[in-house]
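One-letter residues, chain by chain:
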Number of protein chains: 2
Amino acid sequence: MITQIPLTEYKNRINKIQDALKRRDIDILVVFGTDCEPQNLIYLSNYWPQFETAAVVIPNEGETALVIGPESETFAREFSTIEKIFKVIEHRESSEPNYPNERLDTYSEIFNYVLNGKKVKKIGISGIQIIALPVYEAIVNASKSSEVVKADDIMINVRMKKTANEIELMKQSSRITLKAFEAAINNIKAGMEEIEVAGFIAAELFRNKAENFAFAPYVLSGKRTNQAISRATHKIILKNEPIQLSFGCRYGNYSSSIGRPLSIGKMPEKYKKLVNIGIATQEKVFSTLKPGIKAKKVFETYWDFLVSKGFSNYFLYGPCHGTGVMECEHPFLESDSDYILEEGMTFQVDIFLGDDEFGLRFEDGALITSSGAEVFVNEYREVIEI
Amino acid sequence: MITQIPLTEYKNRINKIQDALKRRDIDILVVFGTDCEPQNLIYLSNYWPQFETAAVVIPNEGETALVIGPESETFAREFSTIEKIFKVIEHRESSEPNYPNERLDTYSEIFNYVLNGKKVKKIGISGIQIIALPVYEAIVNASKSSEVVKADDIMINVRMKKTANEIELMKQSSRITLKAFEAAINNIKAGMEEIEVAGFIAAELFRNKAENFAFAPYVLSGKRTNQAISRATHKIILKNEPIQLSFGCRYGNYSSSIGRPLSIGKMPEKYKKLVNIGIATQEKVFSTLKPGIKAKKVFETYWDFLVSKGFSNYFLYGPCHGTGVMECEHPFLESDSDYILEEGMTFQVDIFLGDDEFGLRFEDGALITSSGAEVFVNEYREVIEI
C-alpha cells in the first residue's frame, strides 16, 4: 500500500501542464492556493501552506518554482517536490508582518527566472475564484505589457481523471473515515454536545494517521440536519431526534467523506421514511454512473426518481460533485452539466434531502470504472437506530 | 462563565465601526473573510463560513447585512447575529457550481439596500490582504463611479483592545489547550508518528468542547523543530530527540495557543541549554510588557537579552504578535513597530529560537493589564523530559 504519490507522478503532472500551456500559447501558469484551498498546490508540489498563501509558477518549458510567504521556508523545503523556492511579501499572513531587514523576492524576478530571461507574452492564472487581490496585482504588475488570462481549465482538466495511485489513496482515506464513523456511533450518547461527537471522530481519524479533516466535521442534530453546509456546535443531542454525521479526512493528500443520518433510540417515522428514500435515491444514482453518459443525464435520472417517489420537494442539492485532493472539487454535476463521464473520474455521490423540519445526507465516494461505478464505502447504508 | 459573546456586544462593535466610517467619510465598509481567515466575519456576525466565503456590509448608518454564498443560508441563519442575509454567486465554493434556476443577489442590490437608495460615494474594504479577486471585482463593478479604498485599519483598531468578555473566553480557550497539552505529554511515546500525537491533542480539545483547532497542530520532532510554520507529519518520534508541540483551539470564537519543547527520555545537552535560554527569554519579555511602552522597545529589550546571552544567532522570529479571534492577528510586534502598548491588548508571547540543527518555541497568551502583563498559562515552562 502506498502512503503518498511518488515523485515521478508529480513530474508527470508538471509535464502535462506544460504541454497544455504550449497548446494554449501561454508562457507561464501561476497556480494560487491557501490553507483552506490548497488543492492545486498539493497536487503540483505536495506543499500545503498554513497561515500564509502560496503559488506554483510553471513556465511552458523549463524549471517550475514554488512561491511562498516569508515564514515558511524550512516548512516548504521539507514538503515541496519542487526544488526552486521563492519568498514573496504578498503571500504573507493576514496579520501583515513587515519582516524588516529580510531580503524577499518579487514576481518579476520569478518570471525572469523560470523563463530564463525570455520575454513573457501571456500569463495564465489558475485559482481565479480564490486568488487574493495583492497576489493578483503583484502578478499583473510583473507581467508588464503581457496579457493575463483565466486558465483554471488547465488544472481542472489534468486533475479530473485519477491515476491508480490517486485512487488507492482515496480508498485508504475512505477506510479511515469509515473507522471514525464507527467510533462516532459507538460513543455517541444522548445529552452530549455535537462538538463532543466531533471529538470521537477527530481522535479516530488521527489515530489512523489521517493528516487532517477533509472539512470541519458536521455533527448536526434535530432541525440542524437540514443545513447543506454546517459545523458541529454546542447543541445537546437528544434521544429520538434526527442526527446527521458528515465528515472526512485527508490521507496521503487525498480526501474522503461519508454522510449518514441516524438516531439515538427510535427514529421518528416521518424521518425514517425520508431515510429510506435517501438510500433508494443514492442506489439509483450509483446504478446510473458509467463512462460515456452525459453528466446532466445522471441529474435527470436522479430527478425523475425523486419525482416518481413524490419527494422532489425535498430536493436541496445534488446528486454528485467531483472529489480528490479536495473533498469537493470540479466537476459539479448539476442539471446544466454538459460534460461526459469518463473512466477514472471520481465523485462524491451526495444525496441531500430535507425541508424546514429536518434533512439528511447519504454521501460516499465512487470511481467511474470501465462499465459502471465502484463505491468506496458500502457499510451503514441503512436505517441506523443506536 | 460565559460561553459566547452576548448579542449586545456584537451590536456595540457595529456601532463603533459606523462611528469610524462617519469620521472617515466612508459610506460603506465591506469586510471579507474565508474559512481559514474568518476573524472579521466572526467578530462582526458570529458567522464562520465553510467551503464558501462571506462578507459583512456595514453602511455608515442603518442596517448591516451579511453576504454569503448560495449554499449556506440555513447555516448562516442559525449562527449570524446579523439578520439581513444576501446570497451572491461570487462567494460560491472554489469548485464553481452554477446553481441553475436559483435567484441570487448582487452587490449593487446590497449597496442599494443598506444605503436605502442613497448614492454611494466611497466604499472601504477590509481584508484586502485576503480578498478573492471575483468578490473584489463584484464590489468595484457595483460601486459604479465611487471610490474604493483599503480600510483594514478600521477593523484592526476596533479589535485591538479586548473587552472583559473576550478576555474571559480567551482564558477558557487557554485552559482547554493546557488540558490537551497534558493529554499529549501523558500519551506520547517513542515510535509513534507525529500525527498520532496530534490525535491525542484533537481528542482532548473537542472533548472539552473546543469548536476547532486554532490552526492545524504542530507536532514536530528532530530537525523539524526548526520550522516556524509547519504541521504534524508521518515522521516517527524518537527517544532523546527535540520535540516541539505548538497548537491551540477556538472556544466561544476565541483562540489560544501553547508552545513547549520537550523530549522523551533525556534531552540532548545542547538542546537543553537552548530550552533554558528560551525560558529566560520568554520571562524577560513578560516582565517588559506594560501599558505605555512603545512596541519596538519590547523588541529591543528582547534582542539585547538574546545578545547578552550569546544566542542572537538563534533568532528566527518574535517575540510577540496580536491574538484574539485569530491565533495570529494584528498587531505584530517587530523591530519597526511604532505603536504603544495599551491595557486590554492581548499578545502571544512567542519565543522561537533555532538553527539548522533544531529549534524551539515557548508560546503563551498574555493580557496587557494596568501595570504589566497577565500570562494565561504558566504551567510547564521548564525542561520537560518524559
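Cut-offs used in this document
Residues numbered from 1 in each chain as written. Chains lettered and ligands numbered in written order. Predicted model: local features only at pLDDT ≥ 70, side-chain atom pairs only at ≥ 80, totals over all residues. Heavy atoms only, no water. Helix = DSSP H or I, 4+ residues; strand = E, 2+ residues; numbered from the N terminus. Expected span 1.5 Å × (residues − 1). Buried < 20%, exposed > 50% of the residue type's maximum accessible area, 1.4 Å probe, protein only. Least-squares fit on C-alpha atoms with pLDDT ≥ 70 in both. Contact = heavy atoms within 4.5 Å. Pairing = 2+ DSSP bridges. Axes fitted to C-alpha atoms, helices over the stretch in contact; angles between N-to-C directions. Polar contact = N/O pair within 3.5 Å; in protein donor to acceptor, adjacent residues only side chain to side chain. Core = buried A, V, L, I, M, F, W, Y, C linked by side-chain atoms within 4.5 Å. Disulfide = S-S within 2.5 Å.

Overview of helix α8 (residues 194-207) of chain B
Residues and elements named next belong to chain B.
- The terminal C-alpha atoms of α8, which comprises 14 residues, lie 20 Å apart, in line with the 20 Å expected from a rise of 1.5 Å per residue.
- Residues of α8 that are buried include every one of Glu194, Ile195, Glu196, Val197, Ala198, Gly199, Ile201, Ala202, Glu204, Leu205 and Phe206, and no others.
- Taken from the residues just after α8, lysine 209 is the one with a positive phi, measuring 75°.

Let's talk about the relation of the copies chain A and chain B
- Screw-axis analysis of chain A against chain B gives a translation of 0.0 Å along the axis, an RMSD of 0.0 Å, and a rotation angle of 180°. As the rotation angle and translation indicate, the two copies are arranged about a two-fold axis.
- When you check the interface residues of chain A against chain B, 100% turn up at the interface there too, and the contact is symmetric in its surfaces.

Some thoughts on the sheet that holds strand β6 (residues 147-150) of chain A
Residue and element names in this part refer to chain A.
- In space, the six strands of this open sheet follow the order β4-β3-β2-β1-β5-β6, with mixed pairing throughout. In this open sheet, the two edge strands, each paired with only one partner strand, are β4 (84-87) and β6. Recorded for the sheet is a direction-independent mean angle of 25° between the axes of neighbouring strands.
- With four bridges connecting them, strand β1 (residues 28-33) and strand β5 (residues 122-126) associate as parallel partners.

Quick word on the side chain of lysine 87 of chain B
All names here are of chain B.
- Position of lysine 87 relative to the elements: it lies in strand β4 (residues 84-87).
- Judged by relative accessible area, lysine 87 falls into the buried class, the value being 14%.
- Only 3.3 Å separates the side chain of lysine 87 from the side chain of glutamate 102, close enough to count as a polar contact.
- With sequence-adjacent residues up to four places away left out, lysine 87 is seen in contact with Ile68, Gly69, Pro70, Glu73, Glu102, Leu104 and Asp105.

Focus: the nonpolar core
- Counting residues in each nonpolar core, the largest one holds 155 residues, and the members touching the most others are Leu245 of chain A together with Leu245 of chain B.
- The residues touching leucine 245 of chain B, leaving out its near neighbours within four places in the chain, are Phe181, Ala184, Ile185, Val197, Tyr218, Val219, Ile258, Gly259, Arg260 and Leu262 of chain B.
- Core analysis: the second largest hydrophobic core is formed by 54 residues, Ile131 and Ala138 of chain A together with Phe111 and Leu133 of chain B among them.

Here we look at the sheet that holds strand β3 (residues 65-68) of chain B
Residue and element names in this part refer to chain B.
- Taken together, six strands build an open sheet; the order of strands is β4-β3-β2-β1-β5-β6 and the sheet is mixed. Lying at the two open borders of the sheet, with one neighbouring strand each, are β4 and β6 (147-150). Sheet twist, expressed as the mean angle between neighbouring strand axes with direction ignored, is 25°.
- Packed onto the sheet, helix α4 (residues 107-114) meets β1 (28-33), β2 (54-59), β3, β4 and β5 (122-126) and runs at close to 35° relative to β2.

As for the state of the cysteines
- Following the criterion strictly, the structure yields one disulfide over all chains and no others.
- Here cysteine 36 of chain A is linked by a disulfide to cysteine 36 of chain B, with a sulfur-sulfur distance of 2.3 Å. Negative torsions about the S-S bond denote left-handed disulfides, and the value of about -55° found for cysteine 36 of chain A with cysteine 36 of chain B makes this one left-handed. On the criterion of chain membership, the pair formed by cysteine 36 of chain A in the loop between β1 and α2 (39-45) and cysteine 36 of chain B in the loop between β1 and α2 (39-45) is interchain, its members lying in two chains. In terms of burial, cysteine 36 of chain A and cysteine 36 of chain B fall into one category: buried.
- Of the cysteine sulfurs around cysteine 249 of chain B, a residue in no disulfide, the closest is that of cysteine 328 of chain B, at 17 Å.
- For cysteine 249 of chain B, a relative accessible area of 0% gives the class buried.
- There is no disulfide at cysteine 328 of chain B, and the cysteine sulfur nearest it, in cysteine 320 of chain B, is 11 Å away.
- A relative accessible area of 4% places cysteine 328 of chain B in the buried class.

Some details on the pairing of strand β16 (residues 346-354) of chain B
All names here are of chain B.
- Burial runs high along β16: nine of the nine residues are buried.
- Two elements, strand β13 (residues 315-317) and β16, share two bridges in a ladder whose sense is antiparallel. Across the sheet, residue tyrosine 317 finds its bridge partner in β16, namely phenylalanine 352.
- With three bridges joining them, strand β14 (residues 320-322) and β16 adopt antiparallel strand pairing. From the neighbouring strand, cysteine 320 faces β16, where its bridge partner is valine 349.
- Summarising the sheet, β16 and strand β17 (residues 359-368) pair through nine bridges and their orientation is antiparallel. Bridge pairing in β17 links threonine 346 to leucine 367.

Some thoughts on unusual backbone geometry
Residue and element names in this part refer to chain A.
- Note the cis peptide between histidine 330 and proline 331, where omega equals -5°.
- Structurally, proline 331 can be placed in strand β15 (residues 329-333).
- A positive phi angle, near 50°, is found at tyrosine 99, a position not held by glycine.
- Tracing the sequence through the fold places tyrosine 99 in the loop between β4 and α4 (107-114).
- Its identity is not glycine, yet tyrosine 380 carries a phi of approximately 60°, on the positive side.
- On the secondary structure map, tyrosine 380 appears in the segment after β18 (373-375).

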